[in-house]
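What follows is the residue order along each chain.
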Amino acid sequence: MSTDYSHAEKLKHELTQPLFNPMLKKWVGKGELDYERYLHTGTLLGLQSAEAERVSHDELMFQIVHQSQELYLKLASREIVEVVAELDRDALWAVVARLARVQRILQCITSEMAILETMTPEAYQVIRRSLGNGSGQESPGYNTFRLAATGLESAMERMLERRNVTLMQIYTAGGHEDLKHVCENLVTMDEAFQGWLYAHFQLVRRTIGVDRSVKALDGLPTQVLAGRMTLPLFRALWDVRVEMTNSWKREGGYATGAARGTDAHAAPRGGGCPMMHAHGAPTAMHAHDAAAAMHAHGAPAPMHAHGAPTAYPHPHELRNQT
């Protein structure tokens, strides 16, 4: 029996040829249909290295995933431009809706990292020889997204200035719920961005390793990625949590295991875990549980936290160091 015939080779050849769609009764793949012309599929599908030029079968996957990430980051950056415009005109509902889209884009590119994790270390070592000095720091999508996020951070600061309110006041129970909703969506977006960087960190870890002795193609040790993946886009929104916790006090809650009063005239002591009441007064306490948990705030603090510096630097401080 002859072994010259290969079903796989036949199929591979067929995949490169125009295909007849029996429902449309048209040929797909010639670049003549509206779908193909609108999406420039001829150009798009020709952006990867030809099969004869690939150094590894996995190189097609490697290129497609990275090209896809660049496109999604381009989309996310353009969406952020609209968020800035909407914030500046106080269209907060539109802001929240659009931030949800950005969050999903970031979740999408994070999930895509799992595709690259199917590549074994030895397969990547082959591909790596043909990448020159390229690294993620050279990514237009990554750099553009960080610039867009800086513009969004400035828009948030302008919003606080217009409303004459600090982040601590926004996060004080009883007021500014609309602004808090915006801020929490910005935090969710920031967390999704850091989640993408973490997925990239894990990909690097399982392909070339993370160590001071292991250098990326740009010459930087892979160990620096650990700091980059926790670098926030909106530092003030994370600082305010530190500020809230540093001013937290145990007084005002219930003693562990103690019966919780049902006196209708008594002020709630911890219900819903409020930071404080709308007027700034601490929650009322009964004598038998005066030594228990919960806190009361004084005057609101400025936008950034005071006291000890945070554990992470500002994005501008590390942008050129990773």
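The structure presented is a predicted model; accordingly, all values stated were derived computationally and were not measured.

What counts and how
- Residues numbered from 1 in each chain as written.
- Predicted model: local features only at pLDDT ≥ 70, side-chain atom pairs only at ≥ 80, totals over all residues.
- Heavy atoms only, no water.
- Helix = DSSP H or I, 4+ residues; strand = E, 2+ residues; numbered from the N terminus.
- Buried < 20%, exposed > 50% of the residue type's maximum accessible area, 1.4 Å probe, protein only.
- Contact = heavy atoms within 4.5 Å.
- Areas by Shrake-Rupley, 256 points an atom, 1.4 Å probe, with all protein chains shown as cover.
- Axes fitted to C-alpha atoms, helices over the stretch in contact; angles between N-to-C directions.
- Parallel < 35°, antiparallel > 145°, perpendicular 65-115°, else oblique.
- Nonpolar A, V, L, I, M, F, W, Y, C, P; charged D, E, K, R; others polar.
- Patch = residues over 30% accessible without salt bridge, like charges linked within 9 Å, V, L, I, M, F, W, Y side chains within 5 Å.
- Salt bridge = Lys/Arg side-chain N within 4 Å of Asp/Glu carboxyl O.
- Phe/Tyr/Trp six-rings, centres within 6.5 Å; stacked < 30°, edge-to-face > 60°.
- 1 Å grid on protein atoms, 1.4 Å probe; cavity = no way out; pocket = protein on both sides within 12 Å on 5 of 7 lines; lining within 4 Å.
- Points joined across faces, edges and corners; volume = space filled by probe spheres on them.
- Polar contact = N/O pair within 3.5 Å; in protein donor to acceptor, adjacent residues only side chain to side chain.
- pLDDT = per-residue confidence, 0-100.

K.L.:
How would you summarise the overall build of the chain if you had to cite specific residues and measurements?
P.N.:
When helices and strands are counted, the chain shows 12 helices and two strands. Listing each helix as α and each strand as β along the chain from the N terminus yields α-β-β-α-α-α-α-α-α-α-α-α-α-α. Buried positions account for 37% of the 322 residues belonging to the chain. The long-range fraction of contacts in the chain, counting pairs at least 24 apart against all pairs at least 6 apart in sequence, stands at 72%. Just so you have it, the chain exposes about 19,000 Å², and 58% of that area is on carbon and sulfur atoms.

K.L.:
Hey, could you go over the packing of helix α5 (residues 92-116) against helix α9 (residues 177-207) for me, with residue numbers and the actual values?
P.N.:
Taken N-terminus to C-terminus, the directions of α5 and α9 make an angle of 10 degrees; their axes are 9 Å apart at the nearest point. Relative to α9, the element α5 is oriented roughly parallel. Taken together, the residues that form the contact of α5 with α9 break down as 18 nonpolar, seven polar and one charged.

K.L.:
How would you summarise a nonpolar patch on the surface if you had to cite specific residues and measurements?
P.N.:
On the surface, Leu 44, Leu 45, Leu 47 and Leu 71 cluster together into a nonpolar patch covering about 410 Å² of accessible area. Relative accessible area serves as the criterion here: at 39%, Leu 44 is assigned to the partly exposed category.

K.L.:
Any details on unusual backbone geometry? Residues and values, ideally.
P.N.:
Note on backbone geometry: most residues besides glycine have negative phi, and most peptide bonds are trans. Its identity as a non-glycine residue notwithstanding, Lys 25 has a phi of 55 degrees, on the positive side. Assignment of secondary structure puts Lys 25 in the loop between β1 (19-21) and β2 (26-28). Its identity as a non-glycine residue notwithstanding, Asp 90 has a phi of 60 degrees, on the positive side. Mapped onto the elements, Asp 90 comes out in the loop between α4 (59-88) and α5.

K.L.:
Could you give an account of the packing of aromatic side chains, naming the residues involved and the relevant values?
P.N.:
Two measures describe an aromatic ring pair: the distance that separates the ring centres and the angle between the ring planes. Throughout the structure, instances matching the rule amount to seven aromatic pairs. Measuring from centroid to centroid gives 5.7 Å for Phe 62 and Tyr 124, while their planes differ by 35 degrees, and the two rings are tilted. Here Phe 62 is found in helix α4, whereas its partner Tyr 124 is found in helix α6 (residues 121-128), with 62 residues between them in sequence. Taking relative accessible area as the criterion, Phe 62 reaches 13% and is therefore assigned buried. Their ring planes at 45 degrees and their centres at 6.4 Å tell us that Tyr 142 and Trp 196 sit as a pair that is tilted.

K.L.:
Could you give an account of the layout of surface pockets, naming the residues involved and the relevant values?
P.N.:
The computed volume of the largest pocket comes to approximately 750 Å³. Surrounding the largest pocket, 36 residues form its lining, His 66, Ser 135, Gly 136, Gln 137 and His 200 being those nearest its centre. Where the lining of the largest pocket is concerned, the elements lending two or more residues are α4, α5, α6, α7 (140-163), α9 and α10 (225-228). Take the lining of the largest pocket: its biggest share by element is six residues, from α9. Counted as a void, the second largest pocket has a volume near 610 Å³. In terms of lining residues, the second largest pocket is bounded by 19 residues, among which Lys 12, Leu 15, Thr 16, Gln 17 and Leu 45 are the most central. The class makeup of the residues in the lining of the second largest pocket is six nonpolar, nine polar and four charged.

K.L.:
How would you sum up the pattern of salt bridges? Please name residues and give values.
P.N.:
Inspection of the entire model under this criterion finds 16 salt bridges. With a closest N to O distance of 2.4 Å, Arg 241 and Glu 184 form a salt bridge. One end of the pair, Arg 241, is in helix α11 (residues 235-246); the other, Glu 184, is in helix α9, and 57 residues separate them in sequence. A network of salt bridges, in which partner residues are shared, links Asp 88, Asp 90, Arg 158, Arg 162, Arg 163 and Asp 178.

K.L.:
Just give me the short version of the environment of Asp 211, but keep the residues and values in it.
P.N.:
Tracing the chain through its elements places Asp 211 in the loop between α9 and α10. Taking the relative accessible area as the measure of exposure, Asp 211 reaches 37% and is therefore partly exposed. Between the alpha carbons of Asp 211 and Gln 223 there is a distance of 5.1 Å; along the sequence they are 12 residues apart. Separated by 2.6 Å, the side chains of Asp 211 and Ser 213 make a polar contact.

K.L.:
Account for the confidence of the model for the chain, naming residues and giving values.
P.N.:
When pLDDT drops low, the exact placement of atoms in the prediction is not to be read closely. Looking at the chain as a whole, its pLDDT mean stands at 83, while 80% of the residues score no less than 70. Predicted confidence for residues 267-322 stays below pLDDT 50, and this span has 125 contacts to residues more than four positions away or in other chains.

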